[in-house]
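Understanding the architecture of this molecule
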Amino acid sequence: MSPFPPQLRRALRRPLQWQWPHALAAGLMLGVGLGIGYGLGGREHADMATRARAVPAFAREAVAAHAVYVPEQRHPVEVAAQQQAHLVQWLSKRLGVPLKVPALDALGYHLVGGRLLPGEAGQSRAQFMYEDAAGRRVTLYVSVLARTGGVKAPASFQWTEEGATHGFYWVDGRQGYAVSAALPRDQLYALAEAIYRQLD
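Given the structure is predicted, the values throughout are model-derived calculations rather than measurements. (Residues numbered from 1 in each chain as written. Predicted model: local features only at pLDDT ≥ 70, side-chain atom pairs only at ≥ 80, totals over all residues. Heavy atoms only, no water.)

1. A look at the overall build of the protein chain
- Each helix and strand in the protein chain was counted, giving four helices and seven strands.
- Reading the protein chain from its N end, one meets helices and strands in the order α-α-β-α-β-β-β-β-β-β-α.
- Across the 200 residues that make up the protein chain, the buried fraction comes to 37%.
- In the protein chain, 57% of the contacts between residues at least 6 apart in sequence involve partners at least 24 apart. (Helix = DSSP H or I, 4+ residues; strand = E, 2+ residues; numbered from the N terminus. Buried < 20%, exposed > 50% of the residue type's maximum accessible area, 1.4 Å probe, protein only. Contact = heavy atoms within 4.5 Å.)

Here it is, written out as structure tokens:
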């Protein structure tokens, strides 16, 4: 078998000489691109974590409680609206503050009832549930904030959004309130404003 002619050997070597610099450049570009992508992804994740920390614990609890109990058909509340006086007295005693149940009938929502819920550091929370003729439900979550390390009162309603659940929360004195529903922002704002006026 005769060896390759010199011209063929040179032709075979030439493409390999050109491929190495291009492969090296492509590898560097890929590495830099992955590094930048990872860095931006990490920053985005950190920004999301910062935003989550900015929302008070009681507002996050309100969204979670809303998601758990609103789909419930047989037992959405512990005490039904027919026993409203007992409900208010019981929850007021458990939270240690006098509570009021806002009336939202003018906006098309009637009281279904309420329940007692646990909060952070073993504190009690109250949830009131309302429903309209179409079966859409809104919850009002009431919490009493700790005297030390409490949440600084927002200047106005603060908006939260977790999937399909939207909400407004605010702080009045030592009490934190959160209204949650799968409603457009303007409709939920009208409900939150009506609740705020009645509680003020």
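What follows picks up the thread again.
2. A closer look at the packing of aromatic side chains
- Here the structure, examined in full by the defined rule, presents nine aromatic pairs.
- Look at phenylalanine 157 and tyrosine 196: their rings are 5.8 Å apart centre to centre, the planes differ by 85°, and that puts the pair in the edge-to-face class. Of this pair, phenylalanine 157 sits in the loop between β4 (137-144) and β5 (158-162) while tyrosine 196 sits in helix α4 (residues 185-199), and the two are 39 residues apart along the sequence.
- Relative to tyrosine 177, the ring of tryptophan 170 has its centre 5.5 Å away and its plane inclined at 25°; by these criteria the two rings are stacked. Of the two residues, tryptophan 170 and tyrosine 177, neither departs from the other in class, the shared state being buried.
- Three or more aromatic residues link up through ring pairs in this structure, and these residues are Phe157, Trp159, Phe168, Trp170, Tyr177, Tyr189 and Tyr196.
- Over the aromatic face of tyrosine 69 sits the side chain of arginine 115, whose NZ or CZ is 3.7 Å from the ring centroid. (Phe/Tyr/Trp six-rings, centres within 6.5 Å; stacked < 30°, edge-to-face > 60°. Lys NZ or Arg CZ within 6 Å of the ring centre and 35° of its normal.)

3. Topic: the confidence of the model for the protein chain
- Chain-level statistics for the protein chain give a pLDDT mean of 80 and a share of 69% at 70 or above.
- Counting interchain partners and residues more than four positions distant, the pLDDT-below-50 stretch residues 43-52 has one contact. (pLDDT = per-residue confidence, 0-100.)

4. What about the sheet that holds strand β1 (residues 79-80)?
- Spatially, the seven strands line up as an open sheet ordered β1-β2-β3-β4-β7-β6-β5, and their pairing is antiparallel. Here the strands that pair on one side only, and so sit at the sheet edges, are β1 and β5.
- Here seven bridges tie β4 to strand β7 (residues 175-181), and the two strands are oriented antiparallel to one another. In the sheet register, valine 142 faces β7, and the bridge partner there is tyrosine 177.
- Against the sheet, helix α2 (residues 57-69) touches β2 (110-118), β3 (124-131), β4, β5, β6 (165-172) and β7, its axis set at about 40° to β7.
- Packed on one face of the sheet, helix α3 (residues 84-95) meets β1, β2, β3 and β4 and runs near 25° to β2. (Pairing = 2+ DSSP bridges. Axes fitted to C-alpha atoms, helices over the stretch in contact; angles between N-to-C directions.)

5. Remarks on the pairing of β7
- Of all the seven residues making up β7, seven are buried; the element is thus mostly covered by neighbouring parts of the structure.
- As judged from the seven bridges shared by β6 and β7, these two strands associate in the antiparallel manner. In the sheet register, histidine 166 faces β7, and the bridge partner there is alanine 181.
- Taken together, β6 and the strand that follows it, β7, pair antiparallel across an intervening segment of two residues, in which glycine 173 is found at a positive phi of about 65°.

6. Thoughts on α3
- With twelve residues, α3 extends 16 Å between its outermost C-alpha atoms, agreeing within 8% with the 16 Å of an ideal straight helix rising 1.5 Å per residue.
- Residues of α3 that are buried include every one of Leu87, Val88, Leu91, Ser92 and Leu95, and no others. The arc that holds every buried residue of α3, seen down its axis, measures 120°, which confines them to one face. For α3, the exposed residues set more than 90 degrees away from the buried face come down to Ala85, Gln89 and Lys93.
- Lining the buried residues of α3 we find β1, β2, β3 and β4. (Expected span 1.5 Å × (residues − 1). Arc of directions from axis to C-beta.)

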